[in-house]
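Below are the chains, spelled out letter by letter.
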Amino acid sequence: MKAPDPLLQRLAQLPAMGPGHRRLVLLLSQLGDFDSLEYAQALVPLLPRLQSAGIEVVAIGIGAEAGRQRFCAFTGFPAERLQVDATPELHRALGLYPGLSTPAGAWPALLLMCAGIGSPGTLAEVLRGYTGDRRAPQRLASPLFALAGGEGFQRPFELATVRLRNMVEVLGNWRTYVPRDHFITQRGGTYLLESDDTLLYSYRDRGILGFSETMAQPLRFLDPYLEA
């Protein structure tokens, strides 16, 4: 199946993202969204392997230039691989989930989604951050977590601590990350394209903290395409 035309039209504007090689495209939500930060943080360590496998990467998020710069400085995501749009025009053209809508506006809708309404899987994912997950990799090197559960997997409260750090960063710089509140419920998506523009893989976020269909190992879909 060919990749969606709106996506191909956008990639045609980027010299390194045209046909001829495989491409990984992340449609991020707001730059200040938990999902955007976690996705970037998960992907950064894998970038050398993606490069070795001949897979070009670009992320397109909702925000502004100041947010782009801070996002990259905080997550380590390469600035040259992140683009920002003021509105989710491309997200909507691709049919990505705009999030819950309420007559009261975006903030009540976001709070309802955080409670799991119109956002399947969110509460379970929040709980996983506190209870730990032996299927997921270790995130922090602190000896406190080793004492709490051991080494080599995601210990109790470990992911919750990562998310707390992200939240402190965003709330302390809210208007840098989120210039407008109108699109705070908008969800993102993932697209992996073959060199001939066929679609190898795609995933549409269904809710908050749902940027992957395998959140314990969010980049598992890339395993078949990476060099050993």
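Fair warning: this is a prediction, and the values are worked out from it, not measured in the lab.

The rules behind these values
Residues numbered from 1 in each chain as written. Predicted model: local features only at pLDDT ≥ 70, side-chain atom pairs only at ≥ 80, totals over all residues. Heavy atoms only, no water. Helix = DSSP H or I, 4+ residues; strand = E, 2+ residues; numbered from the N terminus. Contact = heavy atoms within 4.5 Å. Polar contact = N/O pair within 3.5 Å; in protein donor to acceptor, adjacent residues only side chain to side chain. Buried < 20%, exposed > 50% of the residue type's maximum accessible area, 1.4 Å probe, protein only. Axes fitted to C-alpha atoms, helices over the stretch in contact; angles between N-to-C directions. Parallel < 35°, antiparallel > 145°, perpendicular 65-115°, else oblique. Left-handed = near helix turned anticlockwise from the far one by under 90°. Pairing = 2+ DSSP bridges. Arc of directions from axis to C-beta. Nonpolar A, V, L, I, M, F, W, Y, C, P; charged D, E, K, R; others polar.

A.B. asks: Describe the environment of W107, naming the residues involved and giving the relevant values.
C.D. replies: Within the secondary structure layout, W107 lies in helix α6 (residues 106–114). Remark: the alpha-carbon pair of W107 and T185, spanning 78 residues in sequence, is separated by 8.3 Å. Discounting chain neighbours no more than four positions away, the residues touching W107 are W174, D181 and I184. At a separation of 3.1 Å, a polar atom in the side chain of W107 contacts the side chain of D181.

A.B. asks: Lay out the side chain of R10 in plain terms, naming residues and giving numbers.
C.D. replies: Take R10: it is sitting in helix α1 (residues 5–11). Looking at R10, the relative accessible area reads 13%, which means it is buried. If near-sequence neighbours (up to four positions away) are discounted, R10 is found in contact with I60, Q83, D85 and L90.

A.B. asks: Describe the packing of helix α2 (residues 34–43) against helix α9 (residues 158–171), and please don't skip the residues or the numbers.
C.D. replies: Relative to each other, α2 and α9 sit at 120 degrees, their axes nearing to 10 Å. Considering their axes alone, α2 and α9 lie oblique with respect to each other. Of the two elements, α2 crosses α9, and the hand of that crossing is right-handed. Along its contact with α2, which presents F34, L37, E38 and Q41, the element α9 presents L159, V162, R163, N166, M167 and V170.

A.B. asks: Talk me through the pairing of strand β2 (residues 55–62); I want residue IDs and the actual numbers.
C.D. replies: With respect to burial, β2 is a largely interior element, seven of its eight residues being buried. Bridge count for strand β1 (residues 22–30) against β2 is seven bridges, and the pairing is parallel. Paired with Q30 across the bridge in β2 is I62. Pairing between β2 and strand β3 (residues 82–85): four bridges, direction parallel. Across the sheet, G61 pairs through a bridge with V84, a residue of β3.

A.B. asks: I'd love a proper account of helix α4 (residues 65–75), names of residues and values included.
C.D. replies: G67, R68, F71, C72 and T75 are the residues of α4 that are buried. Along the long axis of α4, the arc covered by the buried residues comes to 130 degrees, so they all point the same way. Looking at the packing, one finds that the buried side of α4 touches β1, α2, β3 and α10 (174–177). Note on α4: the residue one or two positions beyond its end, G76, has a positive phi of about 85 degrees.

A.B. asks: Can you lay out the environment of F74 for me, pointing to particular residues and giving the numbers?
C.D. replies: Note on placement: F74 falls in helix α4. Linking F74 and Q41, residues 33 residues apart in sequence, is a C-alpha distance of 9.2 Å. Sequence-distant contacts of F74, defined by excluding residues within four places in its chain, comprise L37, Q41, R165, N166, E169 and Y177.

A.B. asks: Tell me what's going on with the packing of α2 against α4, and back it up with residues and numbers.
C.D. replies: Remark: α2 packs on α4, axes separated minimally by 10 Å, with the N-to-C direction vectors making an angle of 50 degrees. Classified by the angle between their axes, α2 and α4 sit oblique to one another. α2 and α4 meet at a crossing whose hand is right-handed. Between α2 and α4, the contacting residues are S36, L37, A40 and Q41 on the first element and F71, F74 and T75 on the second. When its residues are assigned to classes, the contact of α2 with α4 shows four nonpolar, three polar and no charged.

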